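Examining the three-dimensional arrangement
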Amino acid sequence: MSTHDKRPHPPPPKNRAKKPTYTRRRRHMNGIISTTHTHTCIDIANTMKPFLSSATTKTLSQRRSFLSSFQRTSSSTTTNNIIQPNPSYVNLSHAPTSYLTSSSAPAVVYNSFLSKSECNALVLDITSKMKRRRYEKGHWDAVITTYKEVELRIPRDFHGTEEERIVSSCDLSKETIQTIQRVRHHLEQHHFFNSASPDDKVGWLPSHAIDLAKHGELTAHVDSVKFSGGIVAGLSLLSSSIMRLRPEKEKKKEEGYIDLWLEQGSLYVLSGVARYEYTHELLPSGSIFTKLGGMEEEEIQVERDRRLSVIFRDAKF
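Residues numbered from 1 in each chain as written. Predicted model: local features only at pLDDT ≥ 70, side-chain atom pairs only at ≥ 80, totals over all residues. Heavy atoms only, no water.

**Section: the overall build of the protein chain**
The helix and strand tally for the protein chain stands at six helices and 17 strands. Each of the 317 residues in the protein chain was classed as buried or not, and the buried ones make up 45%. Here the contacts in the protein chain between residues at least 6 apart in sequence split such that 74% fall between residues at least 24 apart. Accessible area of the protein chain: about 17,700 Å², with a carbon and sulfur share of 51%. (Helix = DSSP H or I, 4+ residues; strand = E, 2+ residues; numbered from the N terminus. Buried < 20%, exposed > 50% of the residue type's maximum accessible area, 1.4 Å probe, protein only. Contact = heavy atoms within 4.5 Å. Areas by Shrake-Rupley, 256 points an atom, 1.4 Å probe, with all protein chains shown as cover.)

As structure tokens, then:
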């Protein structure tokens, strides 16, 4: 062996973040057809499969009609360079009838909405802004535990001269500012259907980032309607998770739920009944998301780790 081969390897970098993992299990309608594998989030091919619901006979025709119309507008991740929501990331198998008969898709997920570079820039900026903060044990509304929170203001969120705005937001990188602007523009173009005219401007509350520890919890709640409007959207970073929507008991006397698979780099959007009449929560680590497609279903067991999210809300006028 040469002296070159005997040189010691450099030590591994410290504090390297673990890639979030989850277990995938493909299942045919008649039984398991493949073995279990463990993947990192970046291993998943962003392909679209036909969407199938295992609905009860009573609501089968309604579900088929809803899913068919939804697929025609959202059958792929990108169409002519326009990002489309991926219906296979929303499991409607147990959805209440009122959700399925709503005029539009109340909850959608855009998988791989962010590039790797955008994800890295956001994580670096958020981590930097939170480095002196400690995890809070709880919030005044008792819906979240073991978390940190910070606003991500971009120049247009500040009042004053353009120079004052730029100076006030200099703690964010240019790429993070551009990403926040891109998300807002996308929401304005695709999720505000009731504008009086194309010239109507959407007002935005400052985006805020949430750092949820590995053992933190986000329990069922409806976001306050006192100041925010008809959209609640979020980017998912670091760790994948499963969001569950349930009918709010005070407004709906229905059973059932809808699950959203939130991969890192994805964008979810809640509007309509999902915004106002359904609670949302994050399921604990180890929960399973069933991804439906054709005559197959795929069980994905998500092991949640530390999770960062960036929340977007329009202002209420």
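**Re the sheet that holds strand β13 (residues 267-270)**
With respect to topology, six strands assemble into an open sheet ordered β7-β13-β10-β17-β9-β8, the strand pairing being antiparallel. Looking at which strands have only one partner, the edges of the open sheet turn out to be β7 (107-110) and β8 (144-152). Pairwise comparison of adjacent strand axes, ignoring direction, gives a mean angle of 20° for this sheet. Bridge analysis of strand β10 (residues 228-237) against strand β17 (residues 307-315) gives seven bridges, and the strand direction is antiparallel. (Pairing = 2+ DSSP bridges. Axes fitted to C-alpha atoms, helices over the stretch in contact; angles between N-to-C directions.)

**Quick word on the packing of aromatic side chains**
Aromatic rings considered in pairs are described by the distance between their centres and by the relative angle of their planes. Applying the stated rule across the entire model yields five aromatic pairs. An angle of 75° between the planes, with centres 5.6 Å apart, marks the rings of Tyr 99 and Tyr 278 as edge-to-face. A residue pair is termed long-range when its members are at least 10 positions apart, and Tyr 99 in helix α2 (residues 97-100) and Tyr 278 in strand β14 (residues 278-282) qualify at 179 residues. One exposure class covers both Tyr 99 and Tyr 278, and it is buried. Taken together, the ring pairs in this structure connect Tyr 89, Trp 261 and Phe 289 into an aromatic cluster. The aromatic ring of Tyr 135 is capped on one face by Lys 148, whose charged end is 4.6 Å from the ring centroid. (Phe/Tyr/Trp six-rings, centres within 6.5 Å; stacked < 30°, edge-to-face > 60°. Lys NZ or Arg CZ within 6 Å of the ring centre and 35° of its normal.)

**Here's the deal with helix α5 (residues 174-190)**
Between its terminal C-alpha atoms α5 stretches 24 Å, which fits the 24 Å expected from 17 residues at 1.5 Å a residue. For α5, the set of buried residues is Thr 176, Ile 177, Thr 179, Ile 180, Val 183, Arg 184, His 186 and Leu 187. (Expected span 1.5 Å × (residues − 1).)

**Things to note about the nonpolar core**
Tyr 99, Met 243, Leu 245, Ile 258, Leu 260, Tyr 268 and Leu 270 are the most contacted members of the largest nonpolar core, which has 33 residues in total. The leading source of residues in this core is strand β12 (residues 258-262), at four residues. The contacts of Tyr 268, once residues within four sequence positions are left out, are Val 108, Val 109, Val 232, Ala 233, Gly 234, Met 243, Leu 260, Leu 262, Arg 307 and Ile 311. Judged by nonpolar contacts, the second largest core, of 28 residues, contains Ile 126, Met 130, Ile 154 and Val 310. (Core = buried A, V, L, I, M, F, W, Y, C linked by side-chain atoms within 4.5 Å.)

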